[in-house]
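# Fold and geometry: a report
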Amino acid sequence: MNNSVSNTVRLFGAGLRALLVLTLVTGVIYPLVVTGIAQGLLNNKANGSEIKADGQVVGSSLIGQSYNLPLKKGQDTPEADLKWFQGRPANGLGSNSINTQYKLILSGATNLAADSGAVDGRCTAKSEEGSLCAQVLAARAAVVKDNSVPGYTVTPSQVPADAVTSSGSGLDPDISPKYAELQVHRIAARNGLPVNQVEKLVADHTDGRSLGFIGEPRVNVLELNIALKDLVARH
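No experiment lies behind these values; they were computed from the predicted model shown.

### Structural notes on the overall build of the protein
- Each helix and strand counted, the protein has 7 helices and 5 strands in total.
- Ordered by position from the N terminus, the helices and strands of the protein form the series α-α-β-β-α-β-α-α-α-β-β-α.
- For 235 residues, the compact-globule estimate of 2.2 N^0.38 gives 18 Å, and the C-alpha radius of gyration of the protein, at 26 Å, exceeds that figure by more than 25%.
- Here the C-alpha coordinates of the protein stretch approximately 95 × 50 × 45 Å along the principal axes.

### Quick word on helix H3 (residues 132-147)
- Between the first and last C-alpha of H3 there are 22 Å, a value that for 16 residues agrees with the 22 Å anticipated at 1.5 Å per step.
- Taken as a whole, H3 has its buried residues at Leu 132, Cys 133, Gln 135, Ala 139, Val 143, Val 144 and Asn 147.

### A look at the environment of Val 198
- Here Val 198 shows up in helix H6 (residues 195-204).
- For Val 198, a relative accessible area of 0% puts it in the buried group.
- C-alpha of Val 198 to C-alpha of Leu 231: the two residues are 33 residues apart in sequence and 8.7 Å apart in space.
- Setting aside residues no more than four positions away along its own chain, Val 198 makes contact with Phe 85, Val 184, Ile 187, Ala 188 and Leu 193.

### Points about the pairing of strand S2 (residues 56-60)
- In this structure, strand S1 (residues 50-53) lies alongside S2, joined through 4 bridges in antiparallel fashion. Bridge pairing in S2 places Glu 50 opposite Ser 60.
- The hairpin turn running from S1 into S2, its antiparallel successor, is 2 residues long, and Asp 54 in that turn takes a positive phi close to 55°.

### A short note on the sheet that holds strand S4 (residues 206-207)
- Taken in spatial order, the 3 strands line up as S3-S5-S4 in an open sheet, and their pairing is antiparallel. Either end of the sheet is taken by a strand with one partner, and the two such strands are strand S3 (174-175) and S4.
- Note: S3 against strand S5 (residues 218-220), 2 bridges, orientation antiparallel. Counterpart to Asp 174 in the pairing with S5 is Asn 220.

### Observations regarding the packing of helix H5 (residues 184-191) against H6
- Relative to each other, H5 and H6 sit at 125°, their axes nearing to 9 Å. Comparing the axis directions of H5 and H6 gives the class oblique. The handedness of the crossing between H5 and H6 is right-handed. Counting all contacts with H5, which are made through Val 184, His 185, Ile 187 and Ala 188, the residues of H6 involved are Val 195, Val 198, Glu 199 and Val 202.
- Within the contact of H5 with H6, the residues separate by chemical class into 6 nonpolar, 1 polar and 1 charged.

### A look at the state of the cysteines
- Applying the stated criterion across every chain yields a total of 1 disulfide.
- The disulfide partner of Cys 123 is Cys 133, and the gap between their sulfur atoms is 2.1 Å. Measuring the twist about the S-S bond at about -65°, one finds the Cys 123-Cys 133 disulfide to be left-handed. In this pair, Cys 123 sits in the loop between S2 and H3 while Cys 133 sits in helix H3, placing the two residues 10 residues apart along the sequence.
- Owing to a relative accessible area of 2%, Cys 133 belongs among the buried residues under this scheme.

### Thoughts on the nonpolar core
- In this structure, Phe 85, Val 143, Val 159, Leu 182 and Val 198 are the most contacted members of the largest nonpolar core, which totals 32 residues.
- Within the residue set of this core, elements represented by two or more residues are S1, H3, helix H4 (177-182), H5, H6 and helix H7 (221-234).
- Looking at this core, the element that brings in the most residues is H7, giving 7 residues.
- Sequence-distant contacts of Phe 85, defined by excluding residues within four places in its chain, comprise Tyr 67, Ala 180, Gln 183, Ile 187, Val 198, Val 202, Val 221, Leu 224, Asn 225 and Leu 228.

### With respect to the pattern of salt bridges
- Taken as a whole, this structure holds 5 salt bridges when the rule is applied.
- One salt bridge in this structure joins Lys 229 and Asp 54, with 3.9 Å as the shortest N-O distance. One end of the pair, Lys 229, is in helix H7; the other, Asp 54, is in the loop between S1 and S2, and 175 residues separate them in sequence.
- Note that Arg 218 is salt-bridged to Asp 174, the shortest N-O span being 4.0 Å. Of this pair, Arg 218 sits in strand S5 while Asp 174 sits in strand S3, and the two are 44 residues apart along the sequence.

Reading the values: the criteria
- Residues numbered from 1 in each chain as written.
- Predicted model: local features only at pLDDT ≥ 70, side-chain atom pairs only at ≥ 80, totals over all residues.
- Heavy atoms only, no water.
- Helix = DSSP H or I, 4+ residues; strand = E, 2+ residues; numbered from the N terminus.
- Rg over C-alpha atoms; globule rule 2.2 N^0.38 Å.
- Expected span 1.5 Å × (residues − 1).
- Buried < 20%, exposed > 50% of the residue type's maximum accessible area, 1.4 Å probe, protein only.
- Contact = heavy atoms within 4.5 Å.
- Pairing = 2+ DSSP bridges.
- Axes fitted to C-alpha atoms, helices over the stretch in contact; angles between N-to-C directions.
- Parallel < 35°, antiparallel > 145°, perpendicular 65-115°, else oblique.
- Left-handed = near helix turned anticlockwise from the far one by under 90°.
- Nonpolar A, V, L, I, M, F, W, Y, C, P; charged D, E, K, R; others polar.
- Disulfide = S-S within 2.5 Å.
- Core = buried A, V, L, I, M, F, W, Y, C linked by side-chain atoms within 4.5 Å.
- Salt bridge = Lys/Arg side-chain N within 4 Å of Asp/Glu carboxyl O.

Now the structure itself:
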């Protein structure tokens, strides 16, 4: 009986010591070492890829933001503030409740099939209301309308796919250079800037493929709008 109690106490003590040592190593030492290495070598990425303006954190280069006007009385959805570059649609193209204007509660994209609403394999005016085709066509018409200014008319064929579709997460911070260039004349007109200066702004903020071959060229919308704000202030 005494041996049994003694063995139990011994095993209990060994288990307790193992628990304390492993807690110290994996719960304190290891996290501190990893955090120290991350802060030392990858400080910006470790802190969320923060973007700063005027000394303040205004967002992350990994998460898109919306640029809207304040809600008016009776409005459910705010209108885009067209003096700023606009990102990709962030609401799953309309009625998707999972993806809501870059709010970080949830992320996700529409679950409509790629051929939703297609008529004979194409999106047409006959596409069923609420279908992906109908939403894409409506989004394209809005892009054409918003970006056509006196002396410059956008045609439907100029509208790139990322201007009318959300990304898989709905939080894409980037747009294609083609979509950024499409917005140049509107931005110039709304802010009283020369078109060539806005074109240069887009060119300066266009990043190439990662490592030269991964992904596509892209423009970070938040960084571009921060640069636009500075350009307007200097003009």
